[in-house]
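# Chain and residue survey
Chain by chain, the residues run as shown.
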Amino acid sequence: MTTSYPSTSVEAREEVGKSVCVLSYKSLEIDEIIKSVSDGGAGATALFIGTTRNSYQGKVVTRLEYQAYSKLAMKTMTDIIRTVHQSVTRSTHHPAPAAVPSIISCAVHHRLGTVPVGEPSIVIAVSSPHRKEAFVACEQILEEVKQKAQIWKREYYEGEEEEAEWKANSG
């Protein structure tokens, strides 16, 4: 089965300071993504791995397919990263000098093309001096990418290959 994708749905990578956003047709390498946000000043790394599940509303899911308007999706994701760096502040139980950031590094990797059941379609890693800020930033990035990034998902169901459903981005 050869699938062609729109010319706008291409692999891309953009760095924002110590952070990175990636769109890729290749399998997402979780260990490499975690290493990309590691830092000696990090006391915590929060990780989210979104995988293709095998069912949805009683139907057997055989695979997902993702397409993107990559140029705009990258701009959206890098804007989200910048916003998170600015908006996630230190919790009151860990005040620190202003020179110490509440978020050290973020990585957002989203898969394009076909993603079989059990494989990751999105991996988000966030390093921070403290766990609370890492968790808050990781969740904020996930929810905003799902709501705003120009990435679309199509679900394929067993016995309904010709009637795959496009799913809208949602929180």
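Everything here concerns the structure above.
A few words on the pairing of strand S8 (residues 120–128). A large share of S8 lies buried, amounting to 9 of its 9 residues. In terms of strand pairing, strand S3 (residues 44–51) meets S8 through 8 bridges, oriented antiparallel. Residue pairing for S8: Phe-48 is matched across the bridge by Ile-124. Here strand S6 (residues 105–111) pairs with S8 via 6 bridges, running antiparallel. Considered in S8, the bridge of His-110 is made with Ile-122.

With that settled, consider the side chain of Ser-105. Secondary-structure assignment places Ser-105 in strand S6. We classify Ser-105 as buried; its relative accessible area is 3%. Separated by 2.7 Å, the side chain of Ser-105 and the backbone oxygen of Lys-18 make a polar contact. Dropping the residues within four chain positions of it, Ser-105 is found in contact with Lys-18, Ser-19, Ser-36, Val-37, His-85, Ala-125, Val-126 and Ser-127.

A few words on unusual backbone geometry. For Gln-57, which is not glycine, the phi torsion reads 45° and is therefore positive. Along the chain, the position of Gln-57 falls in the loop between strand S4 (55–56) and strand S5 (59–68). The exposure class assigned to Gln-57 is exposed, which follows from its relative accessible area of 69%.

How each quantity is defined
Residues numbered from 1 in each chain as written. Predicted model: local features only at pLDDT ≥ 70, side-chain atom pairs only at ≥ 80, totals over all residues. Heavy atoms only, no water. Buried < 20%, exposed > 50% of the residue type's maximum accessible area, 1.4 Å probe, protein only. Helix = DSSP H or I, 4+ residues; strand = E, 2+ residues; numbered from the N terminus. Pairing = 2+ DSSP bridges. Polar contact = N/O pair within 3.5 Å; in protein donor to acceptor, adjacent residues only side chain to side chain. Contact = heavy atoms within 4.5 Å.

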